[in-house]
Amino acid sequence: MILSLILIVSLSGLIGFQFYLKKQYRKRFEAIIGPNTSIEAENTGFQESISTQKNKKSEQQFISQEVVQLLTEKLAQFELNKGFLEQNITIQKVALALNTNSKYLSKVINDQKRKTFVHYINDLRINEAVVQLQVHSILRNYTLSSLANEFGFNSAETFSAAFSKKHKIKPSFFIKALEKQN
């Protein structure tokens with residue numbers, strides 16, 4: 001009798017926890033697909049930083065303001081051209097494409113976006129994935145591995161980890177919720 005009671009309480013707790021998690025995932029999903037979730041919204045922050053950069057003084061000013069502004073503009077163009085979708089992208093490759101060195105590029109990304117290069121690229125990729133999954137329903141039929149390749153990740157695991165880190169839900173839940181919504 002006691003064993004049955006413990007089993008029922010444990011099972012009830014597990015069901016309640018699963019319900020709570022599903023509710024939290026649903027809230028996070030709603031936050032993702034809400035207004036201003038596109039890459040353009042994130043780009044506007046980058047464009048605003050171009051104008052405010054003239055007034056901002058860095059503590060360690062080893063890069064001239066002109067170089068910072070030029071790199072900021074080139075990064076905004078890099079985002080518009082979706083250069084972040086290239087697989088095996090490195091800071092050296094991006095620096096070479098932007099005609100600068102990796103130290104300057106790293107400093108500008110750290111100061112402007114308050115992120116490391118890897119987090120910056122992953123966030124751009126995840127934002128693009130969210131937008132494309134909402135717009136193109138055919139992508140929702142892809143496997144996670146195929147989606148990872150589509151958005152520049154090397155594996156389904158890295159894609160899933162980056163998505164979960166940014167939005168606190170799994171990409172599979174996001175895709176299923178999009179399907180239910182449509």
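On a predicted model such as this, the values are computed, not experimentally measured, just so you know.

### Description of the nonpolar core
No. 1: Counting 22 residues, the largest nonpolar core has Phe-29, Phe-159, Ile-169 and Phe-174 as its most contacted members.
No. 2: Top contributing element to this core by residue count: helix H9 (residues 171–181), with five residues.
No. 3: In contact with Phe-174, not counting residues within four places along its chain, are Phe-29, Ile-32, Ile-33, Val-130, Leu-133, Gln-134, Phe-163 and Ile-169.
No. 4: Counting residues in each nonpolar core, the second largest holds 18 residues, with Val-94, Phe-117, Tyr-120 and Leu-124 among its members.

### Some points on the side chain of Gln-132
No. 1: Position of Gln-132 relative to the elements: it lies in helix H6 (residues 117–135).
No. 2: Assessed through its relative accessible area of 18%, Gln-132 is described here as buried.
No. 3: When neighbours within four sequence positions are excluded, Gln-132 is seen to be in contact with Leu-139 and Phe-151.

### Considerations on the pattern of salt bridges
No. 1: Counted by the stated rule, this structure contains five salt bridges.
No. 2: Notably, a salt bridge pairs Lys-82 with Glu-128, separated by 3.1 Å at the nearest N-O pair. Highlighted residues: Lys-82 in the loop between helix H3 (65–80) and helix H4 (91–97) and Glu-128 in helix H6, separated in sequence by 46 residues.
No. 3: Given a relative accessible area of 4%, Glu-128 falls into the buried group.
No. 4: Between Asp-111 and Lys-107 there is a salt bridge, with the nearest N and O atoms lying 3.1 Å from each other. Of this pair, Asp-111 and Lys-107 both sit in helix H5 (residues 102–113), four residues apart, which is roughly one turn of that helix.
No. 5: For Asp-111, a relative accessible area of 23% gives the class partly exposed.

### A look at the confidence of the model for the protein chain
No. 1: Mean pLDDT over the protein chain stands at 84; residues scoring 70 or higher make up 85%.
No. 2: Low pLDDT, under 50, characterises residues 36–60; the stretch is placed with 40 contacts to residues that sit more than four places away or in other chains.

### Focus: the environment of Ile-89
No. 1: Tracing the sequence through the fold places Ile-89 in the loop between H3 and H4.
No. 2: Here the alpha-carbon distance between Ile-89 and Val-118, two residues 29 residues apart in the chain, equals 9.4 Å.
No. 3: Once you skip the residues sitting within four places of it in the chain, Ile-89 turns out to touch Phe-78, Gly-83, Phe-84, Val-94, Ile-121 and Arg-125.

Calculation criteria
Residues numbered from 1 in each chain as written. Predicted model: local features only at pLDDT ≥ 70, side-chain atom pairs only at ≥ 80, totals over all residues. Heavy atoms only, no water. Core = buried A, V, L, I, M, F, W, Y, C linked by side-chain atoms within 4.5 Å. Buried < 20%, exposed > 50% of the residue type's maximum accessible area, 1.4 Å probe, protein only. Helix = DSSP H or I, 4+ residues; strand = E, 2+ residues; numbered from the N terminus. Contact = heavy atoms within 4.5 Å. Salt bridge = Lys/Arg side-chain N within 4 Å of Asp/Glu carboxyl O. pLDDT = per-residue confidence, 0-100.

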